[in-house]
Amino acid sequence: MKVLVMVLSDWNNIAGGIRQRFENAVPVSVYALTAACKLRHRDFARRIQPLALELVKKITANEPAKIGKIVLVGTSYTQMLSFLALPDWQNALYIAEHFFPAAVAEKMTEHDIPCLYEQSAGEFYDICYLIAAYAREHDIPVYGHDHMFLARAFLENSLTVIEDGDANYAFRHAVTYQTMLDDRRVYYPFGFDPLVRKVILTGLMKVPAELTQKAVCIEPSALWRDKSEPEKRIIADLFSFPYDEILKLVEEGRDFLFLTEAYSFMNGDDVISDQEQVRMYRELLAQYDSERVLIKPHPSDHVDYGRLMPEYKILPKQFPIQMITWTGIAFQKIVVMWGTTCMHIFSDGYEMDVHKDILYRYGILH
């Protein structure tokens, strides 16, 4: 007689204890069952990018799948760093959580880059466990975020973490995003956990003492310069980065760059309404000549500024703001609400106006 054990976690972690109780225990993955049911459902499969769907079907059937690496991304910034830092990035399977810009995922499809992009939180959670097991079995390296929900399946894959802004430079962020492993040990993300052997950073801030032994610092602007012109064109198109257009606008006098924050959609919770956010930005920008201002929305900002603030020129929101400095565009002034990441990005060679005080008046800060 065999005892079927429905397994939610990594079988290797619990096999000893289970077999002490049931000598003939046989693991059955709940994730394999639910993933198989989902992939047979026509409406579910239709929502997945065809390239990614083909790979997922091969993986779930344990058939050979042509994947050089797996990259977990929750932001366009980290995806951009993966394009710069990882060789042969076009031979990767990207797994993107629902906060990731949908427009970038669509561009990846146009450029034949496999991207498993979730449209609702956790819809690929079970599938990710199967992909993670396949990657361990076939020695496929995993890069990217270790703090996002879908990364939970990959925490035992010896991830190489890629920077996600200032969160990788302070352990307090790891405490905020900590999670529990199957063996009941606390896992600290952003590269701080012992399971992570390597962290790719840009030197945005001082490297924390906890990461000095495993941090590898890259210089994005140098990596960008080293890219071939065809690669640069592909990357710029993926993020809708209008380099030539911005240069022309700056030359014509639009040399103030205002960076929005997504206060009306912060981590999925409305802090203020869209109307209040627009009113706050109008109040702030009233002190500047509108003919000199370009607005770059935050990638998570869903406000339609082209409709609500038509007197301003609006840039695409998808591209990482770091591309401005990497490509050397010389704005006269950067205008921000508040945010350590942007303040560090533009700390060298840019004049900056910071308007933290207005956030108190609108109840965003207390």
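Here's a quick rundown of the structure.

## Looking at the overall build of the chain
Each helix and strand counted, the chain has 16 helices and 16 strands in total. Computed over C-alpha atoms, the radius of gyration of the chain comes to 22 Å, within 12% of the 21 Å expected from 2.2 N^0.38 for 366 residues, which places it in the range of a compact globule. Projected onto the principal axes, the alpha-carbon positions of the chain cover approximately 80 × 45 × 40 Å. Taken as a whole, the chain presents about 17,500 Å² of accessible surface, with 51% of it coming from carbon and sulfur. Positive and negative side-chain charges of the chain, numbering 38 and 49 respectively, have mean locations separated by a distance of 5 Å.

## Brief notes about the pattern of salt bridges
All told, the structure shown has 19 salt bridges when counted by the stated rule. The salt bridge involving Glu 252 is made with Lys 248; its shortest N-O contact spans 2.5 Å. One network of salt bridges, with partners in common, ties together Lys 107, Glu 110 and Asp 237.

## Concerning the sheet that holds strand E13 (residues 293–296)
Taken in spatial order, the 5 strands line up as E14-E13-E12-E15-E16 in an open sheet, and their pairing is parallel. The open sheet has two edge strands with one neighbour each: strand E14 (313–314) and strand E16 (351–354). Alignment of E13 against E14, held across 2 bridges, turns out to be parallel. Paired with Leu 294 across the bridge in E14 is Lys 313. With respect to the sheet, helix H12 (residues 274–285) is in contact with strand E12 (256–259), E13 and strand E15 (333–336), its orientation differing from that of E12 by roughly 155 degrees.

## Thoughts on the environment of Arg 136
Among the structural elements, Arg 136 can be located in helix H7 (residues 125–137). According to the relative accessible area criterion, Arg 136 is partly exposed, its value standing at 33%. The spacing of Arg 136 and Asn 157 is 21 residues in sequence and 6.2 Å in space, taken between C-alpha atoms. There is a polar contact of 2.8 Å between the side chain of Arg 136 and the side chain of Asn 157.

## Looking at the packing of aromatic side chains
A complete count under the given rule lists 17 aromatic pairs for this structure. Judged by centre distance (5.3 Å) and plane angle (65 degrees), the ring pair of Tyr 125 and Tyr 129 falls under edge-to-face. Taken together, the residues span about one helical turn, with Tyr 125 and Tyr 129 both in helix H7 at a distance of 4 residues. Taking the centre distance of 5.4 Å and the plane angle of 75 degrees together, the rings of Phe 171 and Phe 192 count as edge-to-face. A residue pair is termed long-range when its members are at least 10 positions apart, and Phe 171 in helix H8 (residues 171–176) and Phe 192 in the loop between strand E9 (186–187) and strand E10 (198–201) qualify at 21 residues. By relative accessible area, which is 32% here, Phe 171 ends up partly exposed. On the accessibility criterion, Phe 192 (9% relative accessible area) is buried.

## Observations regarding the packing of helix H4 (residues 50–60) against H7
Where H4 contacts H7, the two axes come as close as 9 Å, and the packing angle between them is 70 degrees. Put simply, H4 runs roughly perpendicular to H7. Seen from above, H4 lies across H7 with left-handed handedness. Within the contact between the two elements, H4 uses Val 56, Ile 59 and Thr 60 and H7 uses Ile 127, Leu 130, Ile 131 and Tyr 134.

## Focus: a nonpolar patch on the surface
Together, Trp 338, Met 343 and Val 354 make up a nonpolar patch on the protein surface, roughly 230 Å² of accessible area in all. Of the residues examined, Met 343 reaches a relative accessible area of 31% and is grouped as partly exposed.

## Notes on the sheet that holds strand E5 (residues 115–117)
Taken in spatial order, the 7 strands make up an open sheet running E5-E4-E3-E6-E7-E10-E11, and their pairing is parallel. Looking at strand neighbours, the two that pair on one side only are E5 and strand E11 (215–217), the edges of this open sheet. Each adjacent strand pair in this sheet contributes to an overall mean axis angle of 20 degrees, direction not counted. Examined bridge by bridge, strand E3 (residues 69–73) and strand E4 (residues 92–96) share 5 bridges and lie parallel to one another. Its bridge partner lying in E4, Val 71 is registered against Tyr 94.

## Notes on the layout of surface pockets
In this model, the second largest pocket occupies a volume close to 400 Å³. Forming the boundary of the second largest pocket are 15 residues, of which Glu 219, Thr 325, Trp 326, His 344 and Ile 345 lie nearest the centre. Those elements that provide at least two residues to the lining of the second largest pocket are helix H9 (220–226), helix H14 (322–326) and helix H15 (340–345). No other element matches the 3 residues that H14 contributes to the lining of the second largest pocket. Split by residue class, the lining of the second largest pocket holds 6 nonpolar, 7 polar and 2 charged.

## Re the state of the cysteines
Applying the stated rule across the entire model yields 0 disulfides. Here Cys 115 stays unpaired: no disulfide links it, and the sulfur of Cys 128, its closest cysteine neighbor, is 11 Å away. Exposure remark for Cys 115: the relative accessible area of 3% places this residue in the buried category. For Cys 128, a relative accessible area of 0% gives the class buried.

Rules used throughout
- Residues numbered from 1 in each chain as written.
- Predicted model: local features only at pLDDT ≥ 70, side-chain atom pairs only at ≥ 80, totals over all residues.
- Heavy atoms only, no water.
- Helix = DSSP H or I, 4+ residues; strand = E, 2+ residues; numbered from the N terminus.
- Rg over C-alpha atoms; globule rule 2.2 N^0.38 Å.
- Areas by Shrake-Rupley, 256 points an atom, 1.4 Å probe, with all protein chains shown as cover.
- Lys, Arg positive; Asp, Glu negative; His and termini not counted.
- Charge placed at Lys NZ, Arg CZ, Asp CG, Glu CD.
- Salt bridge = Lys/Arg side-chain N within 4 Å of Asp/Glu carboxyl O.
- Pairing = 2+ DSSP bridges.
- Contact = heavy atoms within 4.5 Å.
- Axes fitted to C-alpha atoms, helices over the stretch in contact; angles between N-to-C directions.
- Buried < 20%, exposed > 50% of the residue type's maximum accessible area, 1.4 Å probe, protein only.
- Polar contact = N/O pair within 3.5 Å; in protein donor to acceptor, adjacent residues only side chain to side chain.
- Phe/Tyr/Trp six-rings, centres within 6.5 Å; stacked < 30°, edge-to-face > 60°.
- Parallel < 35°, antiparallel > 145°, perpendicular 65-115°, else oblique.
- Left-handed = near helix turned anticlockwise from the far one by under 90°.
- Patch = residues over 30% accessible without salt bridge, like charges linked within 9 Å, V, L, I, M, F, W, Y side chains within 5 Å.
- 1 Å grid on protein atoms, 1.4 Å probe; cavity = no way out; pocket = protein on both sides within 12 Å on 5 of 7 lines; lining within 4 Å.
- Points joined across faces, edges and corners; volume = space filled by probe spheres on them.
- Nonpolar A, V, L, I, M, F, W, Y, C, P; charged D, E, K, R; others polar.
- Disulfide = S-S within 2.5 Å.

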